[in-house]
Amino acid sequence: RSQRPSVVAQISRQIVSMFGGLFGGGGVALQAEQDSTAQPGKKCCISDPLEDINLEQFTELFWKYVKERPAANPAEQGREYSGDRDTGICEEVKFETTGVMAFFADIKASFYFKYSAKGDEFYIDQYAADSTYTKLSAKATLKFLPDSRVELLYEDFGLRKAGPVVKGTLIDDIKKCGYDDVTVESDQDSISIPGEKSAISSALDGELTTEALWSKLKEVRIDAGGEEQADGSIKLAVGGIFATTMYSQIKFDKESDDIISHDYLDDDTYQDCQFIVHTKVVQSPVRVERWSLPKAQVVSNEKFASGEGKKMIDQIIAFKRSEE
(Lines give C-alpha, C1' and ligand atoms only; values in the text may rest on other atoms or scores of the structure.)
Protein backbone atom coordinates (compact mmCIF):
# COMPACT_ATOMS: atom_id res chain seq x y z
CA ARG A 1 0.00 0.00 0.00
CA SER A 2 3.01 2.32 0.21
CA GLN A 3 2.53 3.27 -3.44
CA ARG A 4 -0.99 4.61 -2.93
CA PRO A 5 -0.32 8.41 -3.08
CA SER A 6 0.50 8.47 -6.77
CA VAL A 7 -1.97 5.74 -7.65
CA VAL A 8 -4.70 7.84 -6.04
CA ALA A 9 -3.57 10.71 -8.28
CA GLN A 10 -3.96 8.47 -11.32
CA ILE A 11 -7.46 7.39 -10.32
CA SER A 12 -8.37 11.00 -9.49
CA ARG A 13 -7.20 12.15 -12.89
CA GLN A 14 -9.26 9.48 -14.62
CA ILE A 15 -12.35 10.30 -12.55
CA VAL A 16 -12.42 14.06 -12.91
CA SER A 17 -11.18 14.27 -16.49
CA MET A 18 -13.86 15.29 -18.94
CA PHE A 19 -12.33 13.19 -21.63
CA GLY A 20 -10.59 10.40 -19.71
CA GLY A 21 -11.43 6.93 -20.84
CA LEU A 22 -9.96 3.56 -21.55
CA PHE A 23 -10.80 3.46 -25.24
CA GLY A 24 -8.72 3.00 -28.36
CA GLY A 25 -7.00 5.25 -30.84
CA GLY A 26 -7.40 5.72 -34.61
CA GLY A 27 -9.90 8.29 -35.84
CA VAL A 28 -9.27 11.92 -36.60
CA ALA A 29 -6.12 13.97 -35.96
CA LEU A 30 -6.11 17.25 -34.02
CA GLN A 31 -3.71 20.16 -34.51
CA ALA A 32 -2.44 21.75 -31.31
CA GLU A 33 -2.06 25.44 -30.37
CA GLN A 34 -4.46 26.89 -32.94
CA ASP A 35 -6.19 30.28 -32.67
CA SER A 36 -9.73 29.91 -31.37
CA THR A 37 -12.68 31.39 -33.24
CA ALA A 38 -15.12 30.50 -30.47
CA GLN A 39 -13.12 32.53 -27.95
CA PRO A 40 -10.74 34.88 -29.81
CA GLY A 41 -7.47 35.42 -28.03
CA LYS A 42 -7.31 31.88 -26.67
CA LYS A 43 -5.68 28.77 -28.08
CA CYS A 44 -7.46 25.56 -29.00
CA CYS A 45 -7.10 22.31 -30.90
CA ILE A 46 -8.65 21.89 -34.36
CA SER A 47 -9.39 18.59 -36.03
CA ASP A 48 -8.83 17.57 -39.60
CA PRO A 49 -12.07 17.74 -41.66
CA LEU A 50 -14.61 15.13 -40.60
CA GLU A 51 -15.49 12.98 -43.58
CA ASP A 52 -19.15 13.01 -44.66
CA ILE A 53 -20.36 14.82 -41.51
CA ASN A 54 -22.23 18.13 -41.61
CA LEU A 55 -23.42 20.34 -38.75
CA GLU A 56 -26.81 18.66 -38.47
CA GLN A 57 -25.20 15.23 -38.28
CA PHE A 58 -22.55 16.36 -35.80
CA THR A 59 -25.29 17.79 -33.59
CA GLU A 60 -27.03 14.42 -33.43
CA LEU A 61 -23.72 12.63 -32.82
CA PHE A 62 -22.91 15.01 -29.93
CA TRP A 63 -26.21 14.30 -28.17
CA LYS A 64 -25.74 10.59 -28.74
CA TYR A 65 -22.28 10.86 -27.18
CA VAL A 66 -23.76 12.56 -24.10
CA LYS A 67 -25.87 9.57 -23.11
CA GLU A 68 -24.24 6.61 -24.84
CA ARG A 69 -20.48 7.12 -24.56
CA PRO A 70 -18.50 4.32 -22.88
CA ALA A 71 -17.70 4.47 -19.18
CA ALA A 72 -14.74 6.71 -18.36
CA ASN A 73 -13.06 3.94 -16.34
CA PRO A 74 -13.93 0.79 -14.38
CA ALA A 75 -14.93 2.87 -11.32
CA GLU A 76 -17.90 4.38 -13.12
CA GLN A 77 -21.07 2.80 -11.73
CA GLY A 78 -23.82 4.65 -13.58
CA ARG A 79 -25.30 7.95 -14.75
CA GLU A 80 -28.49 9.88 -14.11
CA TYR A 81 -29.85 12.65 -16.35
CA SER A 82 -32.26 15.55 -16.11
CA GLY A 83 -33.24 18.38 -18.46
CA ASP A 84 -33.37 18.36 -22.24
CA ARG A 85 -31.55 19.71 -25.29
CA ASP A 86 -33.29 23.09 -25.10
CA THR A 87 -32.44 23.83 -21.46
CA GLY A 88 -29.30 21.71 -21.22
CA ILE A 89 -28.86 18.15 -20.01
CA CYS A 90 -27.51 17.75 -16.48
CA GLU A 91 -25.63 14.57 -15.69
CA GLU A 92 -24.61 12.90 -12.44
CA VAL A 93 -21.85 10.34 -12.94
CA LYS A 94 -21.47 7.91 -10.06
CA PHE A 95 -18.09 6.45 -9.19
CA GLU A 96 -17.06 3.80 -6.71
CA THR A 97 -13.75 1.99 -6.63
CA THR A 98 -14.08 -1.76 -6.19
CA GLY A 99 -11.77 -4.76 -6.28
CA VAL A 100 -8.12 -3.94 -6.89
CA MET A 101 -8.93 -0.24 -7.40
CA ALA A 102 -10.47 -0.07 -3.91
CA PHE A 103 -7.24 -1.52 -2.52
CA PHE A 104 -5.38 1.48 -3.91
CA ALA A 105 -8.01 4.16 -3.21
CA ASP A 106 -11.39 3.91 -1.52
CA ILE A 107 -13.48 6.50 -3.38
CA LYS A 108 -17.26 6.71 -3.62
CA ALA A 109 -18.60 9.91 -5.12
CA SER A 110 -20.68 11.60 -7.77
CA PHE A 111 -19.46 14.16 -10.32
CA TYR A 112 -21.66 16.55 -12.24
CA PHE A 113 -21.70 17.78 -15.85
CA LYS A 114 -24.02 19.89 -17.97
CA TYR A 115 -24.26 19.61 -21.76
CA SER A 116 -25.72 22.29 -24.02
CA ALA A 117 -25.56 23.56 -27.60
CA LYS A 118 -26.18 26.76 -29.49
CA GLY A 119 -25.94 26.81 -33.27
CA ASP A 120 -22.54 25.48 -34.27
CA GLU A 121 -21.16 25.46 -30.70
CA PHE A 122 -21.41 22.69 -28.11
CA TYR A 123 -20.58 23.00 -24.42
CA ILE A 124 -19.58 20.60 -21.65
CA ASP A 125 -19.54 22.24 -18.23
CA GLN A 126 -17.84 20.35 -15.41
CA TYR A 127 -18.85 21.05 -11.80
CA ALA A 128 -16.69 18.41 -10.07
CA ALA A 129 -18.60 17.28 -6.93
CA ASP A 130 -20.94 20.29 -6.83
CA SER A 131 -24.47 18.88 -7.12
CA THR A 132 -25.93 22.40 -7.26
CA TYR A 133 -24.28 23.06 -10.65
CA THR A 134 -23.11 26.50 -9.50
CA LYS A 135 -19.30 26.31 -9.19
CA LEU A 136 -17.90 25.80 -12.67
CA SER A 137 -14.68 23.82 -12.44
CA ALA A 138 -13.83 23.37 -16.13
CA LYS A 139 -15.42 23.83 -19.54
CA ALA A 140 -15.04 22.37 -23.00
CA THR A 141 -16.29 24.24 -26.04
CA LEU A 142 -16.61 22.49 -29.39
CA LYS A 143 -17.29 24.49 -32.55
CA PHE A 144 -18.20 22.88 -35.85
CA LEU A 145 -16.44 24.93 -38.53
CA PRO A 146 -17.75 25.54 -42.09
CA ASP A 147 -15.14 23.18 -43.59
CA SER A 148 -16.27 20.31 -41.29
CA ARG A 149 -13.35 20.68 -38.92
CA VAL A 150 -14.05 20.79 -35.18
CA GLU A 151 -12.49 23.29 -32.81
CA LEU A 152 -11.99 22.09 -29.22
CA LEU A 153 -11.18 24.55 -26.45
CA TYR A 154 -10.75 23.15 -22.93
CA GLU A 155 -10.26 25.42 -19.93
CA ASP A 156 -9.67 24.50 -16.27
CA PHE A 157 -10.58 27.42 -14.00
CA GLY A 158 -8.36 26.32 -11.10
CA LEU A 159 -11.27 25.98 -8.67
CA ARG A 160 -10.26 24.95 -5.15
CA LYS A 161 -11.09 21.28 -4.55
CA ALA A 162 -12.06 19.70 -1.23
CA GLY A 163 -14.39 16.94 -2.36
CA PRO A 164 -14.41 13.15 -2.17
CA VAL A 165 -11.11 12.63 -3.99
CA VAL A 166 -9.25 15.00 -1.64
CA LYS A 167 -11.05 13.30 1.26
CA GLY A 168 -9.84 9.89 0.08
CA THR A 169 -6.20 10.97 -0.15
CA LEU A 170 -6.32 12.58 3.31
CA ILE A 171 -7.79 9.48 4.98
CA ASP A 172 -5.11 7.40 3.34
CA ASP A 173 -2.24 9.63 4.49
CA ILE A 174 -3.48 9.98 8.08
CA LYS A 175 -3.96 6.22 8.45
CA LYS A 176 -0.47 5.57 7.13
CA CYS A 177 0.76 7.86 9.90
CA GLY A 178 -0.78 5.57 12.54
CA TYR A 179 -4.26 7.03 13.13
CA ASP A 180 -6.46 4.06 12.23
CA ASP A 181 -9.80 5.32 13.56
CA VAL A 182 -9.83 8.64 11.71
CA THR A 183 -12.73 9.83 9.60
CA VAL A 184 -12.73 12.70 7.11
CA GLU A 185 -15.57 14.87 5.79
CA SER A 186 -15.31 16.62 2.44
CA ASP A 187 -16.31 20.20 1.56
CA GLN A 188 -16.28 21.52 5.12
CA ASP A 189 -15.84 25.17 6.14
CA SER A 190 -12.10 25.80 6.24
CA ILE A 191 -10.59 26.34 9.67
CA SER A 192 -7.38 27.97 8.46
CA ILE A 193 -8.86 30.08 5.65
CA PRO A 194 -12.37 31.31 6.53
CA GLY A 195 -14.77 31.43 3.59
CA GLU A 196 -13.15 28.51 1.77
CA LYS A 197 -13.81 24.75 1.80
CA SER A 198 -11.52 21.92 2.91
CA ALA A 199 -11.56 18.22 3.67
CA ILE A 200 -11.20 17.97 7.46
CA SER A 201 -10.48 14.99 9.68
CA SER A 202 -12.12 14.01 12.94
CA ALA A 203 -10.29 14.91 16.14
CA LEU A 204 -7.02 13.00 16.66
CA ASP A 205 -5.83 11.72 20.02
CA GLY A 206 -2.70 13.21 21.52
CA GLU A 207 -0.55 16.10 20.38
CA LEU A 208 0.30 16.73 16.74
CA THR A 209 1.67 19.68 14.81
CA THR A 210 1.96 20.19 11.06
CA GLU A 211 5.72 19.74 11.31
CA ALA A 212 5.30 16.47 13.24
CA LEU A 213 2.84 15.21 10.61
CA TRP A 214 5.36 16.16 7.93
CA SER A 215 8.01 14.02 9.63
CA LYS A 216 5.66 11.03 9.47
CA LEU A 217 4.64 11.65 5.84
CA LYS A 218 8.26 12.15 4.88
CA GLU A 219 9.07 8.66 6.16
CA VAL A 220 6.12 7.22 4.25
CA ARG A 221 7.31 8.81 1.00
CA ILE A 222 10.89 7.62 1.50
CA ASP A 223 9.65 4.09 2.26
CA ALA A 224 7.72 4.24 -1.03
CA GLY A 225 10.92 5.01 -2.93
CA GLY A 226 11.03 8.79 -2.60
CA GLU A 227 14.32 10.65 -2.73
CA GLU A 228 15.14 13.48 -0.35
CA GLN A 229 16.37 16.65 -2.04
CA ALA A 230 18.87 19.23 -0.81
CA ASP A 231 16.06 21.50 0.38
CA GLY A 232 14.49 18.70 2.45
CA SER A 233 11.65 18.03 0.02
CA ILE A 234 10.86 14.53 -1.26
CA LYS A 235 10.56 13.65 -4.93
CA LEU A 236 8.51 10.54 -5.65
CA ALA A 237 7.95 8.65 -8.89
CA VAL A 238 5.50 5.78 -8.67
CA GLY A 239 3.89 3.53 -11.25
CA GLY A 240 0.42 2.15 -10.74
CA ILE A 241 -2.60 0.32 -12.06
CA PHE A 242 -2.96 2.54 -15.13
CA ALA A 243 0.65 1.73 -16.16
CA THR A 244 1.59 5.41 -15.98
CA THR A 245 4.37 6.67 -13.72
CA MET A 246 3.27 9.68 -11.66
CA TYR A 247 5.61 12.33 -10.27
CA SER A 248 5.25 14.52 -7.21
CA GLN A 249 7.36 16.64 -4.88
CA ILE A 250 6.33 17.34 -1.30
CA LYS A 251 7.83 19.71 1.26
CA PHE A 252 7.13 21.42 4.59
CA ASP A 253 6.89 25.21 4.56
CA LYS A 254 7.72 26.29 8.10
CA GLU A 255 6.75 29.93 7.54
CA SER A 256 3.19 29.08 6.46
CA ASP A 257 3.00 25.92 8.61
CA ASP A 258 1.89 23.99 5.55
CA ILE A 259 2.75 20.67 3.92
CA ILE A 260 2.75 21.41 0.19
CA SER A 261 2.68 18.74 -2.51
CA HIS A 262 3.28 19.67 -6.14
CA ASP A 263 1.81 16.99 -8.41
CA TYR A 264 3.15 16.78 -11.95
CA LEU A 265 1.11 13.75 -13.08
CA ASP A 266 3.21 12.05 -15.79
CA ASP A 267 5.73 14.89 -16.31
CA ASP A 268 9.09 13.36 -15.38
CA THR A 269 10.83 16.75 -15.66
CA TYR A 270 8.99 18.05 -12.58
CA GLN A 271 8.26 21.28 -14.46
CA ASP A 272 4.57 21.32 -15.38
CA CYS A 273 2.74 21.21 -12.05
CA GLN A 274 -0.93 20.31 -12.54
CA PHE A 275 -2.18 20.76 -8.99
CA ILE A 276 -0.92 21.77 -5.56
CA VAL A 277 -2.19 20.04 -2.42
CA HIS A 278 -2.06 21.85 0.92
CA THR A 279 -2.21 20.05 4.28
CA LYS A 280 -2.31 21.67 7.73
CA VAL A 281 -2.80 20.49 11.31
CA VAL A 282 -5.16 22.70 13.31
CA GLN A 283 -5.56 22.71 17.08
CA SER A 284 -8.31 22.60 19.75
CA PRO A 285 -9.08 19.87 18.88
CA VAL A 286 -6.27 18.43 16.79
CA ARG A 287 -7.52 17.89 13.24
CA VAL A 288 -5.98 17.72 9.78
CA GLU A 289 -7.20 19.94 6.95
CA ARG A 290 -6.50 19.51 3.23
CA TRP A 291 -7.42 21.16 -0.06
CA SER A 292 -6.20 21.05 -3.64
CA LEU A 293 -5.63 23.84 -6.16
CA PRO A 294 -5.57 22.71 -9.80
CA LYS A 295 -3.64 24.73 -12.34
CA ALA A 296 -5.85 27.33 -14.03
CA GLN A 297 -5.15 26.91 -17.73
CA VAL A 298 -6.37 26.56 -21.27
CA VAL A 299 -5.14 23.16 -22.46
CA SER A 300 -4.29 23.08 -26.16
CA ASN A 301 -0.87 21.43 -26.34
CA GLU A 302 0.21 18.50 -28.47
CA LYS A 303 -0.18 16.05 -25.60
CA PHE A 304 -3.85 17.00 -25.23
CA ALA A 305 -4.40 17.13 -28.99
CA SER A 306 -3.09 13.59 -29.48
CA GLY A 307 -4.54 12.28 -26.21
CA GLU A 308 -7.71 13.23 -24.36
CA GLY A 309 -8.94 15.77 -26.92
CA LYS A 310 -8.52 13.37 -29.83
CA LYS A 311 -10.21 10.57 -27.91
CA MET A 312 -13.26 12.72 -27.30
CA ILE A 313 -13.72 13.63 -30.97
CA ASP A 314 -13.09 10.00 -31.91
CA GLN A 315 -15.83 8.88 -29.56
CA ILE A 316 -18.33 11.35 -31.01
CA ILE A 317 -17.73 10.38 -34.63
CA ALA A 318 -17.59 6.68 -33.72
CA PHE A 319 -21.37 6.78 -33.39
CA LYS A 320 -21.58 7.57 -37.10
CA ARG A 321 -19.40 4.60 -37.96
CA SER A 322 -21.61 2.37 -35.81
CA GLU A 323 -24.66 3.44 -37.84
CA GLU A 324 -23.08 2.70 -41.23
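Here's what I pulled together on the structure shown here. (Residues numbered from 1 in each chain as written. Predicted model: local features only at pLDDT ≥ 70, side-chain atom pairs only at ≥ 80, totals over all residues. Heavy atoms only, no water.)

1. Focus on the overall build of the protein chain
Link 1 in the chain: Across its full length, the protein chain holds seven helices and 17 strands.
Link 2 in the chain: A burial count over the protein chain gives 52% of its 324 residues as buried.
Link 3 in the chain: When contacts within the protein chain are restricted to residue pairs at least 6 apart in sequence, long-range pairs at least 24 apart make up 50% of them.
Link 4 in the chain: For the protein chain, the computed accessible surface area is about 15,000 Å², with 47% contributed by carbon and sulfur atoms. (Helix = DSSP H or I, 4+ residues; strand = E, 2+ residues; numbered from the N terminus. Buried < 20%, exposed > 50% of the residue type's maximum accessible area, 1.4 Å probe, protein only. Contact = heavy atoms within 4.5 Å. Areas by Shrake-Rupley, 256 points an atom, 1.4 Å probe, with all protein chains shown as cover.)

2. Section: helix α4 (residues 164-176)
Link 1 in the chain: Look at α4: 18 Å from first C-alpha to last across 13 residues, which is about the 18 Å you get at 1.5 Å a residue.
Link 2 in the chain: Within the span of α4, buried status applies to Pro 164, Val 165, Val 166, Gly 168, Thr 169, Leu 170, Asp 172, Asp 173 and Ile 174.
Link 3 in the chain: Of the residues trailing α4, Gly 178 is marked for its positive phi of about 105°. (Expected span 1.5 Å × (residues − 1).)

3. What to know about the packing of aromatic side chains
Each pair of aromatic rings is reported with the distance of its centres and the angle of its planes.
Link 1 in the chain: All chains considered together, the criterion is met by eleven aromatic pairs.
Link 2 in the chain: Measuring from centroid to centroid gives 6.5 Å for Phe 62 and Tyr 115, while their planes differ by 65°, and the two rings are edge-to-face. Of this pair, Phe 62 sits in helix α2 (residues 55-68) while Tyr 115 sits in strand β5 (residues 108-118), and the two are 53 residues apart along the sequence. As far as burial versus exposure is concerned, Phe 62 and Tyr 115 are alike and both buried.
Link 3 in the chain: With 5.4 Å between their ring centres and 70° between their planes, Tyr 127 and Tyr 133 make a pair best called edge-to-face.
Link 4 in the chain: The class for Tyr 127 is buried, based on a relative accessible area of 9%.
Link 5 in the chain: The class for Tyr 133 is partly exposed, based on a relative accessible area of 22%. (Phe/Tyr/Trp six-rings, centres within 6.5 Å; stacked < 30°, edge-to-face > 60°.)

4. Observations concerning the sheet that holds strand β13 (residues 246-253)
Link 1 in the chain: Read across the open sheet, the eight strands follow the order β9-β10-β16-β15-β14-β13-β12-β11; overall the sheet is antiparallel. Whereas interior strands pair on both sides, the edge strands pair on one side only; in this sheet they are β9 (184-189) and β11 (227-228).
Link 2 in the chain: Two elements, strand β14 (residues 258-265) and strand β15 (residues 275-282), share five bridges in a ladder whose sense is antiparallel. Across the sheet, His 262 pairs through a bridge with Ile 276, a residue of β15.
Link 3 in the chain: Here helix α5 (residues 210-223) sits on the sheet in contact with β11, β12 (234-238), β13, β14, β15 and β16 (287-294), set at roughly 150° to β13. (Pairing = 2+ DSSP bridges. Axes fitted to C-alpha atoms, helices over the stretch in contact; angles between N-to-C directions.)

5. Focus: the side chain of Asp 173
Link 1 in the chain: The topology assignment puts Asp 173 in helix α4.
Link 2 in the chain: When neighbours within four sequence positions are excluded, Asp 173 is seen to be in contact with Leu 217, Arg 221 and Arg 290.

6. Quick notes on α2
Link 1 in the chain: The terminal C-alpha atoms of α2, which comprises 14 residues, lie 20 Å apart, in line with the 20 Å expected from a rise of 1.5 Å per residue.
Link 2 in the chain: Within α2, the full set of buried residues consists of Phe 58, Thr 59, Leu 61, Phe 62, Trp 63, Tyr 65 and Val 66.

7. A look at the nonpolar core
Link 1 in the chain: One finds Leu 50, Phe 58, Phe 62, Ile 124, Leu 142 and Ile 316 to be the most contacted residues of the largest nonpolar core, which totals 40 residues.
Link 2 in the chain: Leu 170, Cys 177, Val 184 and Leu 208 belong to the second largest nonpolar core, which has 20 residues in total. (Core = buried A, V, L, I, M, F, W, Y, C linked by side-chain atoms within 4.5 Å.)

8. Here's the deal with the pattern of salt bridges
Link 1 in the chain: Scanning the entire structure with this criterion turns up 19 salt bridges.
Link 2 in the chain: For Lys 139, the salt bridge identified is with Asp 125, shortest N-O distance 2.5 Å. On the criterion of sequence distance, the pair formed by Lys 139 in strand β7 (residues 138-144) and Asp 125 in strand β6 (residues 121-126) is long-range, its members being 14 residues apart.
Link 3 in the chain: Residues Asp 272 and Lys 295 are paired through a salt bridge, measuring 2.8 Å at the closest nitrogen-oxygen approach. Residue Asp 272 is located in the loop between β14 and β15, and its partner Lys 295 is located in the loop between β16 and β17 (297-299); the two are separated by 23 residues in the primary sequence.
Link 4 in the chain: Put simply, Asp 172, Asp 173, Lys 176, Arg 221 and Arg 290 are held in one network by salt bridges that share partners. (Salt bridge = Lys/Arg side-chain N within 4 Å of Asp/Glu carboxyl O.)

9. Thoughts on unusual backbone geometry
Link 1 in the chain: Residue Pro 285 is bonded to the preceding Ser 284 through a cis peptide linkage, with omega at -5°.
Link 2 in the chain: Not every positive phi belongs to a glycine, and Ser 284 is a case in point at roughly 55°.

10. Quick notes on the environment of Ile 124
Link 1 in the chain: Checked against the element boundaries, Ile 124 lands in strand β6.
Link 2 in the chain: Sequence separation between Ile 124 and Ala 140 is 16 residues; the distance between their C-alpha atoms is 5.1 Å.

11. A look at the side chain of Ser 292
Link 1 in the chain: Residue placement: Ser 292 occurs in strand β16.
Link 2 in the chain: Assessed through its relative accessible area of 7%, Ser 292 is described here as buried.
Link 3 in the chain: The residues contacting Ser 292, other than those within four sequence positions of it, are Leu 159, Arg 160, Lys 161, Val 166, Phe 275, Ile 276 and Val 277.

12. Concerning the environment of Ser 201
Link 1 in the chain: As for its position among the elements, Ser 201 is in strand β10 (residues 197-201).
Link 2 in the chain: Take Ser 201: its relative accessible area is 4%, and that puts it in the buried class.
Link 3 in the chain: Ignoring anything within four residues of it in the chain, the contact list for Ser 201 reads Leu 170, Ile 174, Val 182, Thr 183, Val 184, Arg 287 and Val 288.
Link 4 in the chain: Within the local environment of Ser 201, its side chain forms a polar contact with the backbone nitrogen of Val 288, the two atoms lying 2.8 Å apart. (Polar contact = N/O pair within 3.5 Å; in protein donor to acceptor, adjacent residues only side chain to side chain.)

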